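# Notes for the structure review
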Amino acid sequence: MNNLPIFVFIIILQSLILSSSCLYQNSSHNILQDSSPFPSDFLFGTASSAYQYEGAFLTEGKGLNNWDIFTHENPGKIRDENNGDMAVDQYHRFKEDIQLMTSLGVNGYRFSISWSRVLPRGRFGGINYSGIKYYNRLIDALISRGIKPFVTLNHLDYPQELENRFQSWLSPEMQNDFGYLADICFKHFGDRVKHWTTLNEPNQQIILTHLKGTFPPSRCSLPYGNCSQGNSEREPFIAAHNTILAHAKAVHIYRRGSLALWCKHHGLNPLAIPSQIEKLQRELNLFIPIDPIIYGKYPKEMVNVLGSALPRFSRKEMENLKQLRLDFIGINHYTSYFIQDCLFSTCNAGDGASKAQGFALKLDRKGNVSIGELTDVNWQHIHPEGFRKTLNYLKNRYHNIPMFITENGFGDLQKPETTLTELLNDTKRIQYMSGYLDALQSAMRDGANVKGYFAWSLLDNFEWLYGYKLRFGLFHVDYTSLKRTPKLSASWYKNYIGEHIRRKYY
Ligand code: NOJ
């Protein structure tokens, strides 16, 4: 095993809509060949996650996980009162889905392991060999079609038993459970899986689970959210600390391969002038826990702002962290914000304005100027240039470590009046992807060491609190029949990949 799994924190970037795709369509074949920055081994793929895709929530020995419990106990918290019991049933339809991938010409598929399918009760019960068999079949089928499996060990879902026993990520016990999961996955799949990532967007996940409390285990305190338990000023940092050390544990177990950490990154444009860079860094550092994994310590901006709320690493943990080799960073990127400093100047309340959020207010407009066109999703403005800037920032801060864009995509909110034809004719998605892929190319020409791009998502799927109403797929899913139908963006992506990669082989 030469590759370690990579944990990438996903960054959200915003951008201007550009039209480089037109440039490609109008250019001659040779010019394309010369101008494309994508190397021939670049991975173009699509991304998914277990709870959002698999369904089969009680099939063949799977245990209950946090999202099974949350959606069943609180149906009103999901916009369409739905859940992932069935999702898009990839558990039973993966062969059909691989056909769809083949039709796109992708050479990578990012999916996650359902922890409770493999270990229904974490360390406190046996291995579910039906779950192992499922992932073996999926991996083998992908490889037989020339599609590299890009596996995330954990994408938000974990056995409910771990919540009930020790409050999951609030306990260092979770590090041991995560290590156990990692060990089992490496042993059973590591001979064929060469790209691993540990945790999906831990920086974003913790905001939702322990700061705002909108995701299970629904822990928070006022004014961040209205939960029956939790402490938004402290718990997010304890949970984040445990994810960092859990990542480290997995890397040490894997040591024979390559591993990464996974983050959510927003493109951030400083709003105020003085000390812009320092403020920008403070915000980025608070939400991108990559520093400890690379440098063995929290960034000083974070320590200064958070003081005793920030857990400390022991000397041994620091040494362990410093020895980790991060083979790549995975980046989920969707949008960007303006950022206003609230440490040295007065800010109105808002997302980011508190100590726990780094005193860095996130805004979608500067005066009357919006950061970019607002999509159907209230957090997603289109600003590709922010993507380019983020990649350059990461390139400079982390010595041009290889990067994979592990998610980037566009969501369509299905309203009562939306027609199927409108959903299939998704020109806005094409415009979005085209702009962001242009920005990616620009960043690569700037020198960013990007190795792959995964579109979120192959199919429409269960979009967490939005349920099935928010559709990110290149393929439309009819949730009655589960029929998959290509949208316009599917053929656009196929052509794009063909133009940029396949042509290099001939
Ligand atoms: C990032 C998350 O990893 C994924 O689960 C989610 O569906 C997409 N963003 C879109 O919101």
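Residues numbered from 1 in each chain as written. Predicted model: local features only at pLDDT ≥ 70, side-chain atom pairs only at ≥ 80, totals over all residues. Heavy atoms only, no water.

### Focus on the overall build of the chain
Along the backbone of the chain there are 19 helices and 20 strands. Within the chain, the fraction of its 506 residues that count as buried is 62%. Partitioning the contacts of the chain with sequence separation of at least 6, the portion at a separation of at least 24 is 79%. About 18,900 Å² of surface is accessible on the chain, with carbon and sulfur atoms providing 52% of the total. (Helix = DSSP H or I, 4+ residues; strand = E, 2+ residues; numbered from the N terminus. Buried < 20%, exposed > 50% of the residue type's maximum accessible area, 1.4 Å probe, protein only. Contact = heavy atoms within 4.5 Å. Areas by Shrake-Rupley, 256 points an atom, 1.4 Å probe, with all protein chains shown as cover.)

### Points about the site of the ligand
For the ligand, the full set of nearby residues is Gln52, His155, Asn200, Glu201, Asn332, Tyr334, Trp379, Glu407, Trp456, Glu463, Trp464 and Phe472. A distance of 3.3 Å separates an oxygen atom of the ligand from a polar side-chain atom of Trp456. Taken together, the residues of the shell around the ligand break down into 5 nonpolar, 4 polar and 3 charged. (Near = heavy atom within 4 Å. Polar contact = N/O pair within 3.5 Å; in protein donor to acceptor, adjacent residues only side chain to side chain. Nonpolar A, V, L, I, M, F, W, Y, C, P; charged D, E, K, R; others polar.)

### Examining the layout of surface pockets
In this structure, the second largest pocket occupies an estimated 370 Å³ of space. Residue lining of the second largest pocket: 22 residues in total, with Phe70, Asn74, Pro216, Pro217 and Ser218 positioned closest to the centre. Breaking the lining of the second largest pocket down by element, the ones donating at least two residues are helix H4 (66-73) and helix H8 (160-166). Per-element tally for the lining of the second largest pocket: the top contributor is H4, with 4 residues. Residue composition of the lining of the second largest pocket, grouped by class: 6 nonpolar, 11 polar and 5 charged. (1 Å grid on protein atoms, 1.4 Å probe; cavity = no way out; pocket = protein on both sides within 12 Å on 5 of 7 lines; lining within 4 Å. Points joined across faces, edges and corners; volume = space filled by probe spheres on them.)

### Some words on the pairing of strand E17 (residues 450-455)
The element E17 is extensively covered by neighbouring structure, given that 5 of its 6 residues are classed as buried. Taken together, the 4 bridges between strand E2 (residues 43-47) and E17 define a ladder with parallel strand orientation. Note that in E17 the partner of Leu43 across the bridge is Gly452. Pairing of strand E15 (residues 403-407) with E17, which is carried by 3 bridges, proceeds in the parallel orientation. For Phe404, the partnering residue across the bridge sits in E17 and is Gly452. (Pairing = 2+ DSSP bridges.)

### Details of the UniProt feature "active site" (unreviewed entry) in the chain
UniProt's feature table lists "active site" (unreviewed entry) at Glu407, given in the numbering used throughout. Tracing the chain through its elements places Glu407 in strand E15. When its relative accessible area of 4% is taken as the criterion, Glu407 is described as buried. (UniProt positions renumbered as here; feature names shortened; annotations may be inferred.)

### Some details on unusual backbone geometry
The amide bond that connects Leu222 to the next residue, Pro223, takes the cis arrangement and shows omega of 0 degrees. Geometrically, the link from Trp456 to Ser457 is a cis peptide bond, its omega value of 15 degrees lying close to zero. Positionally, Ser457 belongs in the loop between E17 and strand E18 (470-471). Backbone geometry places Glu60, a non-glycine residue, at a positive phi of 45 degrees. Among the structural elements, Glu60 can be located in the loop between helix H3 (50-53) and H4. Even without glycine at this site, His399 takes up a positive phi of about 50 degrees. Locating His399 in the fold gives a position in the loop between helix H16 (384-397) and E15. Here His399 falls in the exposed class, since its relative accessible area comes to 62%.

### Examining the pattern of salt bridges
Considering all chains together, one arrives at 24 salt bridges under this definition. Between Glu407 and Arg110 there is a salt bridge, with the nearest N and O atoms lying 2.9 Å from each other. Here the residue Glu407 occupies a position in strand E15, and Arg110 occupies one in strand E3 (residues 108-112), the gap between them amounting to 297 residues. Assigned by exposure class, Glu407 and Arg110 land together as buried. Residues Glu235 and Arg219 are paired through a salt bridge, measuring 2.8 Å at the closest nitrogen-oxygen approach. With Glu235 in helix H11 (residues 235-254) and Arg219 in the loop between helix H10 (202-211) and H11, the pair connects residues that are 16 residues apart, well separated along the chain. The exposure classification of Glu235 matches that of Arg219, with both residues buried. Taken together, the salt bridges that share partners define one network made up of Arg121, Glu161 and Arg165. (Salt bridge = Lys/Arg side-chain N within 4 Å of Asp/Glu carboxyl O.)

### So, the state of the cysteines
The full count for this structure, using the stated rule, is 2 disulfides. Linked covalently through their sulfurs, Cys220 and Cys227 form a disulfide whose S-S length is 1.9 Å. Classification of the bridge connecting Cys220 and Cys227 rests on its S-S torsion, roughly 105 degrees, and on that basis the disulfide is right-handed. One disulfide bridge connects Cys342 with Cys347, the sulfur atoms lying 2.1 Å from each other. Across the disulfide from Cys342 to Cys347, rotation about the S-S bond amounts to roughly -95 degrees, and the bridge is consequently left-handed. Judged by relative accessible area, Cys342 falls into the buried class, the value being 11%. Cysteine pairing in the chain follows 1-2, 3-4, where each cysteine in a disulfide is numbered by its order in the sequence. (Disulfide = S-S within 2.5 Å.)

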